[in-house]
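Structural characterization, general
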Amino acid sequence: MTNTTQTHMYSPTQLIDALVLLNEGDDKTPFAGGSDLMVERHFGKEIAGRHFINLNNVTELKTIVIEPTGVRIASGVTFAQLRASEIIKDRFPVLWLAAGEVGTIAIQNRATIGGNIANASPAGDSLPALLVYDAEITLQSVNGSRNIYYPDFHVGYKRSARLPNELITKIFLPYWHGSDYYFRKVGTRRAQAISKVAVSMLLSLDKGVISDIRLALASVAPFPVRCTNLERAMRGSSLNDELIAGCVRDLTEDLKPLDDIRSTAQYRRSVVGRLVGDYLTSCLKMTYSDRLSNGNVLG
Amino acid sequence: MTHNDTPKDSIQCLVNGVKQDFHLNSMKRLLDFIRQDCGLTGTKEGCGEGECGACAVLVDGELVNSCLVPVAQVQGRSITTIEGAFDSELGQRIQKSFLHKGATQCGACTPGMVMASLVLLRANNTPSLDEIKRSLAGNLCRCTGYTKIFAGILDAANSAEAEHD
């Protein structure tokens, strides 16, 4: 039985009104799709007298705007909207794939990208995609607005740079100009799965040399992480078996995943290593055969 | 604190085409509003945590788990429940096919399954088995093993084709 006494949902239609409400005190929680918060309520995590600020009537939080250098997604955009967006599918395929792995269709119709960020689960489905696309998060309050580079946003388990009176309002994704990408969510079933491991990668190869590589992982740390050590080690190098093996070994040694109800540290390390290694190896083979067809292979 | 202290808002919406007007706590679940205030008990609570799909309804034509929606967020919206599903030709076709194919045992999952099928067949009237599985992935059944539910959906899709031939 859900406790509804003493709780009120405010429904502002203007962003500024939502920000004023949020500034009034920590008894008011922003509520978008509610697919996380309603589950918390169901399990009795409610604090008596906790109120909610309904963000779904604020139209400025519902837009996907195409800009010259990238796309600006408002925080209240649902995963269903992302799935229906041609520009997201075309230019940000890793995010598009991740959106389709969230919960179920019924959840995607409600859950928002802003909520996924704010909830800050280490397993957040869209978060590794935002990491590899170098997302920029806009935070707004009654005091003004600021932008944070998303890889710097999470600072600990469910702790972020967001101040209590701030709302996540926009997510800016700069266009990425490479072509290769990889997304894989490892879970126990086809839907409604919280990931044991999730991998998002972007790769750009120029005549066998790695001109850009970005790797982000979910469910292996207190928050989703960019693997900057691997990226640094690989960027500018020729892609080959030795490089892949060495970097995957270093990556899996650096990881410090946990044993939890969903999986073990050993499994997570092992699966991350295999998925990353297999993907990079498949890119190597493709590059090789491209070169082969061009007659550029010597020996 | 007594129940008289519960803050209440005016909630107005359409349910199966009928205008509803109630004074309710804004955080009351849409599921409870449908079952208690509207008296429509076709929509079931299977888990209360958005995992099973038994409580699925349409809000402005979109499939949602009503256990996760506070009534404040359906203000001015149009809700369709399983009872309203049979107002449409497609809903009746799904019902016929489900019966014909034995897609129901205890019936607890059936309303949610029908709502999800409605959405699928509206968007795609010739789904493959794989597409059916993907679209129904949010609806759990403990009885049937799903086979006859999927057969029911295929039958509903095919019977439309048959009618138009």
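Just so you know, these numbers come straight off a predicted model, no measurement behind them.

The next thing to look at is the overall build of chain A. In terms of regular secondary structure, chain A is built from eleven helices and 14 strands. In terms of overall size, chain A behaves like a compact globule, its C-alpha atoms giving a radius of gyration of 21 Å where 299 residues would be expected to give roughly 19 Å. For chain A, the C-alpha atoms occupy an extent of roughly 75 × 45 × 30 Å along the three principal directions. Burial statistics for chain A: of 299 residues in total, 54% are counted as buried. Excluding contacts between residues fewer than 6 apart, the proportion of contacts in chain A whose partners are at least 24 apart in sequence is 60%. Accessible surface computed for chain A: about 13,600 Å², of which carbon and sulfur atoms make up 51%.

Let's shift gears to empty space enclosed by the protein. With the rule as written, the count across this model stands at two cavities of 30 Å³ or more. Size it by volume and the largest cavity reaches roughly 50 Å³. Thr104, Ile105 and Ala106 of chain A together with Gly53, Ala56, Leu63, Asn65, Ala116, Ser135, Gly138 and Asn139 of chain B are the residues that line the largest cavity. Of the residues in the lining of the largest cavity, the class split is five nonpolar, six polar and no charged. When its volume is computed, the second largest cavity comes out at roughly 30 Å³. Forming the boundary of the second largest cavity are Gly33, Ser35, Ala106, Ile107 and Arg110 of chain A together with Asn65 and Leu68 of chain B. Counted by class, the lining of the second largest cavity contains three nonpolar, three polar and one charged residues.

With 94% of its residues at a pLDDT of at least 70, chain B reaches an overall mean of 94. For this predicted complex, the interface score ipTM comes out at 0.95, while the overall pTM is 0.94.

For the rest of this paragraph, the subject is the packing of helix α3 (residues 89–101) of chain B against helix α4 (residues 110–123) of chain B. Residue and element names in this part refer to chain B. At a minimum axis distance of 10 Å, the contact between α3 and α4 shows a crossing angle of 125°. Between α3 and α4, the angle falls in the class oblique. At the point where α3 passes α4, the crossing takes the right-handed sense. Two secondary-structure elements touch here, α3 through Leu90, Gly91, Ile94 and Phe98 and α4 through Thr110, Met113, Val114, Ser117, Leu118, Leu121 and Arg122. Residues belonging to the contact of α3 with α4 are distributed by class as follows: seven nonpolar, three polar and one charged.

Residues and elements named next belong to chain B. One open sheet holds the five strands; their spatial order is β2-β1-β5-β3-β4, and the pairing between them is mixed. Pairing within the sheet leaves two strands with one partner each, and these edge strands are β2 (18–24) and β4 (62–65). Here the average twist between neighbouring strands, direction ignored, is 40°. With four bridges joining them, strand β3 (residues 56–59) and β4 adopt antiparallel strand pairing. Within the sheet, the bridge partner assigned to Leu58 lies in β4 and is Leu63. Across the face of the sheet, helix α1 (residues 30–37) comes into contact with β1 (9–15), β2, β3 and β5 (78–80) while running at roughly 110° to β2. Packing of α4 onto the sheet brings it into contact with β3, β4 and β5, and relative to β3 it is tilted by some 45°.

This next bit is on the packing of aromatic side chains. Overall, the coordinates contain seven aromatic pairs over all chains when judged by the stated rule. For the pair Tyr182 of chain A and Tyr279 of chain A, a centre-to-centre distance of 5.0 Å together with 20° between the ring planes defines the contact as stacked. Of this pair, Tyr182 of chain A sits in strand β11 (residues 180–186) while Tyr279 of chain A sits in helix α11 (residues 265–294), and the two are 97 residues apart along the sequence. Grouping residues by exposure puts Tyr182 of chain A and Tyr279 of chain A together as buried. With a centroid separation of 6.1 Å and 20° between ring planes, the pair formed by Tyr146 of chain B and Phe150 of chain B is classed as stacked. By relative accessible area, Tyr146 of chain B is classed as partly exposed at 25%. Through a chain of ring-to-ring contacts, the aromatic side chains of Phe92, Tyr133 and Tyr175 of chain A assemble into a single cluster. Arg83 of chain A extends its terminal NZ or CZ atom over the ring of Trp96 of chain A, reaching a point 3.7 Å from the ring centre. One residue, Lys196 of chain A, lies across the ring of Tyr267 of chain A, its end atom 5.7 Å from the ring centre.

Before going further, it helps to spend a moment on the layout of surface pockets. The computed volume of the second largest pocket comes to approximately 1,100 Å³. If you go around the second largest pocket, you meet 39 residues; those closest to its centre are Arg83, Gly100, Ile105 and Gln108 of chain A together with Arg134 of chain B. Mapped onto the lining of the second largest pocket, the elements with two or more residues apiece are α3 (79–83), α5 (93–101), α6 (105–108) and β11 of chain A together with β4, α4 and α5 (129–135) of chain B. Tallying contributions element by element places α5 of chain B first for the lining of the second largest pocket, with five residues. Considered class by class, the residues forming the lining of the second largest pocket number 16 nonpolar, twelve polar and eleven charged.

For the rest of this paragraph, the subject is the state of the cysteines. All names here are of chain B. On inspection of all chains with the given rule, the structure shows zero disulfides over all chains. Cys13 takes part in no disulfide bond, and the closest cysteine sulfur to it belongs to Cys38, at a distance of 6.4 Å. Looking at Cys13, the relative accessible area reads 4%, which means it is buried. Left unpaired, Cys143 is separated from the closest cysteine sulfur, that of Cys106, by 3.7 Å.

Residue and element names in this part refer to chain A. The topology assignment puts Thr112 in the loop between α6 and α7 (113–119). Thr112 gets classed as buried once you look at its relative accessible area, which sits at 4%. One polar contact links the side chain of Thr112 to the main-chain amide nitrogen of Gly115, over a distance of 3.0 Å. With residues up to four places along the chain from it excluded, the contact list for Thr112 reads Ala32, Gly33, Ser75, Gly76, Val77, Thr78 and Phe79.

Conventions we followed
- Each chain has its residues counted from 1, following the order in which its sequence is written.
- By the order in which they are written, chains take letters starting at A while ligands take numbers starting at 1.
- For this predicted model, a pLDDT threshold of at least 70 governs which residues receive local features, and a threshold of 80 or more governs which side-chain atom pairs are given and counted, while totals over whole chains, interfaces and linings are taken from all residues.
- To get the side-chain values, all heavy atoms of the structure are used, and hydrogens and water are removed first.
- Starting at the N terminus, helices and strands are each numbered in turn, a helix being any DSSP run of H or I of at least four residues and a strand any DSSP run of E of at least two.
- Based on C-alpha atoms, the radius of gyration is set beside the globule rule, defined as 2.2 Å times the residue count to the power 0.38.
- Throughout this description, buried means an accessible area under 20% of the type-specific maximum (1.4 Å probe, protein chains only), exposed means over 50%, and partly exposed covers the range between.
- Here, two residues are considered to be in contact whenever any of their heavy atoms come within 4.5 Å of each other.
- Residue burial considers only the protein chains on display, and all accessible areas are found by Shrake-Rupley using a 1.4 Å probe.
- Grid points spaced at 1 Å and placed over the protein atoms alone form the basis of the search, with a cavity being a set where a 1.4 Å probe fits but cannot get out and a pocket an open set showing protein on both sides within 12 Å along at least five of seven lines. Lining residues have an atom within 4 Å of a point.
- Grid points are joined across faces, edges and corners, and a volume is the space filled by probe spheres set on the points.
- Three classes are used: nonpolar for Ala, Val, Leu, Ile, Met, Phe, Trp, Tyr, Cys and Pro, charged for Asp, Glu, Lys and Arg, and polar for all others, with Gly counted as polar.
- Per-residue confidence from the predictor is given as pLDDT, running between 0 and 100.
- In this description, a line fitted to the C-alpha atoms serves as the axis of each element, helices being fitted only across the stretch in contact, and the angle between N-to-C directions of two axes falls anywhere from 0 to 180 degrees.
- These descriptions rest on fixed angle ranges, namely under 35 degrees for roughly parallel, over 145 for roughly antiparallel, 65 to 115 for roughly perpendicular, and the rest for oblique.
- Definitions for this section: a left-handed crossing has its near helix turned counterclockwise from the far helix by less than a right angle. A right-handed crossing has that turn clockwise.
- One requirement defines pairing of two strands: DSSP has to find at least two bridges between them.
- Only Phe, Tyr and Trp rings take part, Trp by its six-membered ring, and two of them pair if their centres are within 6.5 Å. Stacked means planes under 30 degrees apart, edge-to-face means over 60, and tilted covers everything else.
- Two conditions define a charge located above a ring, namely a distance within 6 Å from the ring centre to NZ of Lys or CZ of Arg, and an angle within 35 degrees of the ring normal.
- Cysteine sulfurs are considered disulfide-paired once they come within 2.5 Å of each other.
- Here a polar contact is taken to be a pair of N or O atoms separated by no more than 3.5 Å, where protein atoms must pair a possible hydrogen donor with a possible acceptor and residues adjacent in sequence count only if both atoms sit in side chains.

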